[in-house]
Amino acid sequence: MTEQSAAPTRRGSLRRNLAALATTVTLAVVATVAGVTWSSQRAALVEQEVQIKDVEGHLAGIQKKNAEQVNADVMEALGVSRNRLSTDGERIMSLLSMTFTWDSGQGYEAARESLKSRFGLTENEMFLTSFMPPSRFNEDAQGRRYYYIDTVGLNSALGADPGIEIVDVKAGVYTYAVLADVEVTSDAASQNKSSKANVTAHRRALLFVTIDAQGKVSNLSGTPASGETRHSE
């Protein structure tokens, strides 16, 4: 083959090589651009997800704040003081503890006396005559008392988390409804080494109590809630 005839062949081969190289470069550029685009889209998506979560959290905070504000506005409209709710709640908890915490006849009578002394109750008030009447007892010739509570070995304790709800407000006088859980056990359980959870009866009691601005308790009444006694498993 002459030099003249070989020249077109080299030029054709060069063009094919340049075309292949251009194709390779183009594909590399496309792949790079695609990769960069995908990475950018992925980063944008992640950023959007973060922004969405931030907005959701912000909205939840606003909703909670609005709910709290509505609650505060309602209480303010009713003339309810948060400080009063707190101090009255402490008094109510003290009252419940005295009423439902005792483990003997003498302890029960001491609880009644504490209620009278602490909250200014009188013996003829309905709460102390019907809901928490004097314990029955027998007395011997020497004046020793044998209480019915001791005969059956009853023990009582206030359960957890009583429900306290305000039901009426008038000129600084607040009336509350209180739902208390009372745990009742027996001395026989401890004597027989039974599990407390297996022998504890839970009774619900509903109380109403009125407290004025000076902290004086009045109109105290109570009644066992409807429904059967529940036992721990």
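Reference entry: report on the structure contained in this document. (Residues numbered from 1 in each chain as written. Predicted model: local features only at pLDDT ≥ 70, side-chain atom pairs only at ≥ 80, totals over all residues. Heavy atoms only, no water.)

1. Re the overall build of the chain
- Summing up its helical and strand segments, the chain has seven helices and eight strands in all.
- The 233 residues of the chain split such that 25% are buried.
- Sequence separation of at least 24 residues holds for 57% of the intrachain contacts in the chain that already meet a minimum separation of 6.
- As displayed, the chain has an accessible area near 15,700 Å², and 56% of this comes from carbon and sulfur atoms. (Helix = DSSP H or I, 4+ residues; strand = E, 2+ residues; numbered from the N terminus. Buried < 20%, exposed > 50% of the residue type's maximum accessible area, 1.4 Å probe, protein only. Contact = heavy atoms within 4.5 Å. Areas by Shrake-Rupley, 256 points an atom, 1.4 Å probe, with all protein chains shown as cover.)

2. Details of the packing of aromatic side chains
- Evaluation of the coordinates by the stated rule reveals five aromatic pairs.
- A centroid spacing of 5.2 Å and a plane angle of 90 degrees characterise the contact between Trp102 and Tyr108, whose relative ring orientation is edge-to-face. Accessibility assignment for this pair places Trp102 and Tyr108 in one class, buried.
- Measuring from ring centre to ring centre gives 6.3 Å for Tyr174 and Tyr176, while their planes differ by 50 degrees; the resulting arrangement is tilted.
- Given a relative accessible area of 2%, Tyr174 falls into the buried group.
- A network of ring pairs unites the aromatic residues Phe100, Phe127 and Phe131 as a single cluster.
- The residue whose ring lies beneath Arg84 is Tyr174, and the NZ or CZ to ring-centre distance is 3.9 Å.
- Positioned over the ring face of Tyr148 is Arg136, at 4.4 Å from the centre of the ring. (Phe/Tyr/Trp six-rings, centres within 6.5 Å; stacked < 30°, edge-to-face > 60°. Lys NZ or Arg CZ within 6 Å of the ring centre and 35° of its normal.)

3. Things to note about the packing of helix α2 (residues 82-100) against helix α3 (residues 105-119)
- One can describe the packing of α2 onto α3 by two numbers: an axis separation of 8 Å at closest approach and a directional angle of 155 degrees. In terms of orientation, α2 lies roughly antiparallel with respect to α3. Only Ala111, Ser114, Leu115, Arg118 and Phe119 of α3 make contact with α2, whose side of the interface consists of Arg91, Ser94, Leu95, Met98 and Thr99.
- When grouped by side-chain class, the residues that make up the contact of α2 with α3 number five nonpolar, three polar and two charged. (Axes fitted to C-alpha atoms, helices over the stretch in contact; angles between N-to-C directions. Parallel < 35°, antiparallel > 145°, perpendicular 65-115°, else oblique. Nonpolar A, V, L, I, M, F, W, Y, C, P; charged D, E, K, R; others polar.)

4. Some thoughts on the side chain of Asp181
- Locating Asp181 in the fold gives a position in strand β5 (residues 173-186).
- Residue classification places Asp181 among the buried positions, given a relative accessible area of 8%.
- In this structure the side chain of Asp181 is engaged in a polar contact, spanning 3.1 Å, whose partner is the side chain of His202. (Polar contact = N/O pair within 3.5 Å; in protein donor to acceptor, adjacent residues only side chain to side chain.)

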